[in-house]
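The lines below spell out each chain.
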Protein chains: 2
Amino acid sequence: MTLAQRSPTEKPDTDALALEGFLPYRLARAAEIISRQFATLYRERHGLTRPEWRTLATIGQFKRITATEIGAHSSMHKTKVSRAIRALEDRNWITREIDQTDRRIEHIELTREGRSRYRDLVVLARTYEARLIDTLGETGAGQLEAGISAIETRIGEA
Amino acid sequence: MTLAQRSPTEKPDTDALALEGFLPYRLARAAEIISRQFATLYRERHGLTRPEWRTLATIGQFKRITATEIGAHSSMHKTKVSRAIRALEDRNWITREIDQTDRRIEHIELTREGRSRYRDLVVLARTYEARLIDTLGETGAGQLEAGISAIETRIGEA
DNA sequence: CTGCCATGGTTGCTACTGCAACTGTTATGT
DNA sequence: ACATAACAGTTGCAGTAGCAACCATGGCAG
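Residues numbered from 1 in each chain as written. Chains lettered and ligands numbered in written order. Predicted model: local features only at pLDDT ≥ 70, side-chain atom pairs only at ≥ 80, totals over all residues. Heavy atoms only, no water.

### A short note on the pattern of salt bridges
Counted only if it meets this: By salt bridge we mean one thing: a side-chain nitrogen of Lys or Arg within 4 Å of a carboxyl oxygen of Asp or Glu. Each helix is a run of H or I in the DSSP string that is no shorter than four residues. Each strand is a run of E no shorter than two, and both are numbered from the N terminus. Three labels apply to residues, based on accessible area from a 1.4 Å probe with only protein chains included: buried if under 20% of the type maximum, exposed if over 50%, partly exposed otherwise in between.
Under the criterion given, the structure shown has 22 salt bridges over all chains. A salt bridge links A:Asp120 to A:Arg45; its shortest N-O distance comes to 2.6 Å. Of this pair, A:Asp120 sits in helix α5 (residues 112–154) while A:Arg45 sits in helix α1 (residues 23–46); the two residues are 75 residues apart in sequence, bridging distant segments of the chain. B:Glu97 serves as the salt-bridge partner of B:Arg64, at 3.2 Å between the closest nitrogen and oxygen. You can see B:Arg64 sitting in the loop between α2 (50–61) and α3 (67–74) and its partner B:Glu97 sitting in strand β1 (residues 94–98), a full 33 residues away along the chain. Look at B:Arg64 and you get partly exposed, because its relative accessible area is 24%. When its relative accessible area of 42% is taken as the criterion, B:Glu97 is described as partly exposed. Look at the salt bridges and you will find they share partners, linking A:Arg26, B:Glu145 and B:Glu152 into a network.

Structure follows, in structure tokens:
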């Protein structure tokens, strides 16, 4: 089941497209592999989903923040953010406080428990990232980062 | 809504993690952007979903193939493949033929219509990829590819 | 040949996703 | 001041996902 190299018996056609060489596919696949690997860590350790992890990471990064800002910062649709916030609130990892001068807005902060979890998550993330870079090698990791940067700067939006 | 640079008012904490600098996040985001861009093309033009596109691309690449092989080649769960195959069959883009020596296996091929669609999809894909590489620049694209290769070779599976 | 395990593919169930529509609130134009 | 638009956040809904259980078939050991 190692896939790309597990080529079927029939021979490829000349003017066919090789999926395994198609850049968008390769990028999607690579991201998926990394994402899953890392997700396993925080899921097993803290029972978080991907949107919840991103939300928590964003709240921890800015001590006080609104839902809209979380979405903007973490590239998530507002419904995802809304549901993640509720889930985190239900666990008492965060609190909301309605802004008194503009009551549409809620300011979100970590609770004591939330801060504790966040600190652990940060260590987990840094460790995973370090291990990843080590696995890829300085060169490979550097190239990957440069390539991503190109996408970030040359292609603005989702 | 350009996000990463749309930083909230509060200042980051020193021992917080900067999500926008976290490699797994950046990779996931980059892949998402590209994936969505490309998906818009084949969705608008042929009404295909992402699993359907991958499935069709794989069938077209190998003229005759089984469902399991499709999954292995395109990194998709077998249920995704199963459902994509059914959808494509319903549109008469593919046919199934049960192997007579092992009746568990179905051999899948494109119909005339399917081949026509596939040819168009290949052009679409090549064009998009070329445009993407052009946008990223030879250097950026090369680095991205090298980085992805590092992941592919150093980290085997999903 | 017979019982048991493995394999190819499908389906039921539950969770997650995004879109659009909604509520409540603030900003704007006249 | 009042109608209308814009905005923050939530919810209903319809599609899509993955897991596990399933069916049918075939391989293999005794």
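There is more to say after this.
### Remarks on the protein's contact with DNA strand D
Basically, it comes down to this: Only a single heavy atom is needed: when it lies within 4 Å of a molecule or strand, its residue is near that molecule or strand. Here a polar contact is taken to be a pair of N or O atoms separated by no more than 3.5 Å, where protein atoms must pair a possible hydrogen donor with a possible acceptor and residues adjacent in sequence count only if both atoms sit in side chains.
In the region of DNA strand D, 22 residues are neighbours, and A:Thr68, A:Thr79, A:Ser82, A:Arg86 and A:Arg96 sit closest. In DNA strand D, atoms within 4 Å of the protein come 63% from sugar and phosphate. Within the side chain of A:Arg86, an N or O atom sits 2.6 Å from a phosphate oxygen of DNA strand D. Measuring from a base oxygen of DNA strand D, one finds a side-chain N or O atom of B:Arg83 at 3.1 Å.

### Observations concerning the relation of the copies chain A and chain B
Copy one and copy two of the chain differ by a rotation about a common axis and a shift along it. Formally: Least squares is the method for superposing the copies, and the C-alpha atoms it fits come from residues with pLDDT of at least 70 in both. Any two residues having at least one pair of non-hydrogen atoms within 4.5 Å are treated as being in contact.
Each copy of the sequence occupies a distinct position, and chain A is placed on chain B by a rotation of 180° and an axial shift of 0.0 Å, giving an RMSD of 0.0 Å. Here the transformation between the copies is reduced to the relation of a two-fold axis. When the interface residues of chain A are mapped onto chain B, 100% of them again lie at the interface, so the same face is used by both copies.

### Here's the deal with the packing of α2(B) against helix α4 (residues 78–90) of chain B
All names here are of chain B. Threshold: Every axis in this analysis is a line fitted to C-alpha atoms, fitted for helices over the stretch in contact. Angles between the N-to-C directions lie between 0 and 180 degrees. To sort the angles, those under 35 degrees are grouped as roughly parallel, those over 145 as roughly antiparallel, those from 65 to 115 as roughly perpendicular, and the leftovers as oblique. Lys, Arg, Asp and Glu make up the charged group, whereas Ala, Val, Leu, Ile, Met, Phe, Trp, Tyr, Cys and Pro make up the nonpolar group; the residues left over, Gly among them, are polar.
Put simply, α2 and α4 touch, their axes get as near as 9 Å, and they point 80° apart. As summarised for this structure, α2 and α4 are arranged roughly perpendicular, according to the angle between their axes. Residue-level contacts link Arg 50, Pro 51, Glu 52, Thr 55 and Leu 56 of α2 to Lys 80, Ala 84, Ile 85, Ala 87 and Leu 88 of α4. Its residues assigned to classes, the contact of α2 with α4 shows six nonpolar, one polar and three charged.

### Structural notes on the interface of chain A and chain B
The accessible area lost on association of the parts is a frequent measure of interface size. The test is simple: Two parts placed together each lose some accessible area; with a 1.4 Å probe, that loss summed over both constitutes the buried area.
The partner chain B presents 74 residues to the 73 residues of chain A that form the contact. Both faces combined, the contact of chain A with chain B buries some 7300 Å², and carbon together with sulfur accounts for 67% of it. Counting every contact that joins chain A to chain B gives four salt bridges. Note that B:Arg26 is salt-bridged to A:Glu152, the shortest N-O span being 3.0 Å. Taken together, chain A and chain B are joined by 24 residue pairs in polar contact (both at pLDDT 80 or more).

### Looking at helix α2 (residues 50–61) of chain A
Residue and element names in this part refer to chain A. Stated formally: Here a helix's expected span is defined as the number of its residues, less one, multiplied by 1.5 Å.
Its 12 residues place the ends of α2 16 Å apart at the C-alpha level, agreeing with the 16 Å of an ideal helix rising 1.5 Å per residue. Burial within α2 is extensive, with 10 of its 12 residues counted as buried. Among all positions of α2, only Glu 52, Trp 53, Arg 54, Thr 55, Leu 56, Ala 57, Thr 58, Ile 59, Gly 60 and Gln 61 are buried.

### Considering the protein's contact with DNA strand C
Taken together, the neighbourhood of DNA strand C is formed by 22 residues, with B:Thr68, B:Thr79, B:Ser82, B:Arg86 and B:Arg96 sitting nearest. Restricting the count to atoms of DNA strand C within 4 Å of the protein gives a sugar and phosphate share of 63%. For DNA strand C, a phosphate oxygen lies 2.5 Å from a polar atom in the side chain of B:Thr68. Counting residues per element, the ones that place at least two in the surface near DNA strand C are α4 (78–90) of chain A together with α3 and α4 of chain B. Take the surface near DNA strand C: its biggest share by element is five residues, from α4(B). Taken together, the residues of the surface near DNA strand C sort by class into three nonpolar, eight polar and 11 charged.

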